[in-house]
Amino acid sequence: LLTFRMFMAGMVKPSGLVKPVSVTQIAGRYLAHQEGLPKLPVPPLQQTCEYYLAALTPIVDPEELNHTRKLLEEFQKPGGVGERLQKGLEQRTKKMENWLSDWWLQTAYLDYRMPVVVHSSPGVVLPRMEFSDRQGQMRYAAKLIAGVLDFKSMIDNETLPVEYLGGKPLCMNQYYQVLSSCRIPGTKRDTVVNYTLVKRPPTHITVVHNFQFFVLDVYNSDGTPLTIDQIYIQLEKIWNSSLQTNKEPIGILTSNHRNSWGKAYNNLIKDKTNKESVRAIQKSIFTVCLDAPMPRVSDDMYRTCAGVQMLHGGGSRWNSGNRWFDKTLQFIIGEDGTCGLIYEHAPAEGPPIVSLIDHVVEYMKKSEMVRTPMVPLRMPQKLRFHITPDIKKDIEEAKQNMNIMAHDLDMKVSVFSHFGKDFPKSQKMSPDAFIQMALQLAYYRIYKRCCPTYESASLRMFRLGRTDTIRSTSIDSDKFVKAMDDPAKHNTEKVALLDKAVKAHRAYTDMAIRGQAIDRHLLGLKLQAIEDLAALPEIFMDTSYAVVLHFNLSTSQVPAKTNCVMCFGPVVPDGYGVCYNPMDTHINFAVSAFNSCQDTNAARLAQALEDALLDIKTLLEQTPKAKL
């Protein structure tokens, strides 16, 4: 199913967009800024076909490549099918704000039927906190909530600083999609709702403790946010009224396969009380999960276990029922100091989430000067659920499936402490390209072959832009990894090949962020053919197309000021998910795989990656600087 989905969508690590809100409703600076952004271009057809062949060269055999070359020649003939589809895309560009965003949201997310847990939603592990009791946990949670509300005020007042990349302003739309939004399951496809633009936007968050959900109003009647002290008092009330663990972890339903959850959801909301409780969760600004401590582990295993907690909660016996996985933003605060978040991927990519985290972490460092007015606050409202035998059966099924998923996820979160961005920079190399080449080398050393590699590139230079694919496996990376361990090759030649591979990666990255990469364009041509009800062109039924989209390495650089790391699951059954945050003097890595695959092992790839980074550094240090 997963491979089929990759094949169908021509994509990877989900990256879509909430139904584009009618931006005209957001007045002022935001609108003026958005309208000034260029539209996503449609790359030239011939250019995409050429780069597609280049991308295939290191990963398919020569015979297959020859066959694909012939199909592409046929596809590009003047007046042929390729030209017709290309014209269709160019027409679509004229009519829409972004020719890709609606299609992408559907194919990458809402049509995707695997559970969002592990398969789609990324988690973020924050530095371990020093509290070891509930008071510390409550205090931290109260500060964090206040910090997120502070960030929300910048979104509401449109004072959020516009971000730039290479001197160009970026689309800020995703920031307007992550609060007060939620995914809603369907039996065939999902939808996303966003309550920020309704007449009376939500003023509450959801807090979940011991599998029980509470509505916590975070604003006073005059519209001012509650102070940290007030939030703390309210969290204490929630804690004290949920001391017993709820027998039925209703939230676990959200971790199931989307079709099963869609059916269970329709059944669940037939009951009026249940429907109101579910609506309250969906409308809330965000969710805070007050977690039970996770199983005690050694210090070197701690980060890995924390990563697992963020991604799926550890299974039904631990914290997996203490979630509503459809909620866009869920902050997780464990009693043992394990903190982080998980987010539902449809509305946004990692960078806006990380900006929010960086803001909140800075906010929490400030000393609290505000003395709280001693106004009695309303008791937070506990959400009630009527559990029928049918719903109980659905919960049991979701628990079993969650536990299978939890057992299957193979995870390794590590800190590479030998160097960070500083070393590649000292060599005048792009840190991201440097890390990607080390990853290519690590994979090649284990499997003796190159594989299709996905790295996400931001398209936010364009209106409503999401992502495209940087293809890190290139003809140049292939030559470098094969030469690296070849004793017949001199070091100067290896360095020259590395330099060429790094520059090729950098050049393709620049193409991708300028909207000129091949993956979304090929997907667009394919979807255009489907929309035209035409026969699917042969290039999309070709074995090469299936191979090129089977991303054994799905990777993402998510840089943050905070010493955190994002993690996500692999996108194919025999693949890896690799996310990294390069800091100045170290690099945080999260590597995932599936235990059900005999050929993959997260710890082995993480170790091979560490070795590759060190070996490349040694190579560069031992080789006299030649005029490259």
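Residues numbered from 1 in each chain as written. Predicted model: local features only at pLDDT ≥ 70, side-chain atom pairs only at ≥ 80, totals over all residues. Heavy atoms only, no water.

Asks: I'd like a description of the packing of helix H15 (residues 431-447) against helix H16 (residues 475-484), backed by residues and values.
Replies: At their nearest, the axes of H15 and H16 sit 9 Å apart, and the two run at 55° to each other. The orientation of H15 with respect to H16, classified from their angle, is oblique. Classified by chirality, the crossing of H16 by H15 is right-handed. Judged by residue contacts, Met437, Gln440, Leu441, Tyr444 and Arg445 of H15 engage Ser477, Phe480, Val481, Lys482 and Met484 from H16. (Axes fitted to C-alpha atoms, helices over the stretch in contact; angles between N-to-C directions. Helix = DSSP H or I, 4+ residues; strand = E, 2+ residues; numbered from the N terminus. Parallel < 35°, antiparallel > 145°, perpendicular 65-115°, else oblique. Left-handed = near helix turned anticlockwise from the far one by under 90°. Contact = heavy atoms within 4.5 Å.)

Asks: Describe in detail the environment of glutamate 90, supporting the description with residues and values.
Replies: Along the polypeptide, glutamate 90 turns up in helix H5 (residues 81-95). When the C-alpha positions of glutamate 90 and proline 41 are compared, they lie 8.4 Å apart, and in sequence the two are 49 residues distant.

Asks: Break down the pattern of salt bridges for me, with residues and values.
Replies: In this structure the tally under the stated criterion is 32 salt bridges. Between arginine 189 and aspartate 111 there is a salt bridge, and its shortest N-O distance comes to 2.8 Å. Of this pair, arginine 189 sits in the loop between strand S4 (181-184) and strand S5 (191-194) while aspartate 111 sits in the loop between helix H6 (101-110) and strand S1 (123-125); the two residues are 78 residues apart in sequence, bridging distant segments of the chain. Ionic contacts of the salt-bridge type, sharing partners, join the residues Arg113, Arg183, Asp190, Arg258, Asp326 and Glu344 into one network. (Salt bridge = Lys/Arg side-chain N within 4 Å of Asp/Glu carboxyl O.)

Asks: Run through the sheet that holds strand S9 (residues 329-334), naming residues and quoting values.
Replies: Ordered in space as S11-S7-S6-S8-S9-S10-S1-S16, the eight strands form an open sheet in which the pairing is mixed. Each of the sheet's edge strands pairs with one partner strand only, and the pair in question is strand S11 (381-382) and strand S16 (565-567). Here strand S6 (residues 204-209) runs beside strand S8 (residues 287-291); their pairing, made up of four bridges, is parallel. Paired with threonine 206 across the bridge in S8 is threonine 287. Here helix H7 (residues 134-156) sits on the sheet in contact with S6, S8, S9 and strand S10 (339-343), set at roughly 155° to S9. Here helix H10 (residues 272-283) sits on the sheet in contact with S6 and strand S7 (212-217), set at roughly 110° to S6. (Pairing = 2+ DSSP bridges.)

Asks: Account for the domain arrangement of the protein chain, with residues named and values stated.
Replies: Under the domain assignment, the protein chain is made up of domain 1 (116-367 + 381-409) and domain 2 (417-622). Here the C-alpha centroids of domain 1 and domain 2 sit 30 Å apart. Of the roughly 2,400 Å² buried between domain 1 and domain 2 on both sides combined, carbon and sulfur atoms contribute 58%. Area buried by domain 1 at its contact with domain 2 is led by Cys171, Asp358 and Asp408, which between them contribute 22% of it. (Domains from an automatic or database assignment. Buried area = accessible area lost by both parts, 1.4 Å probe.)

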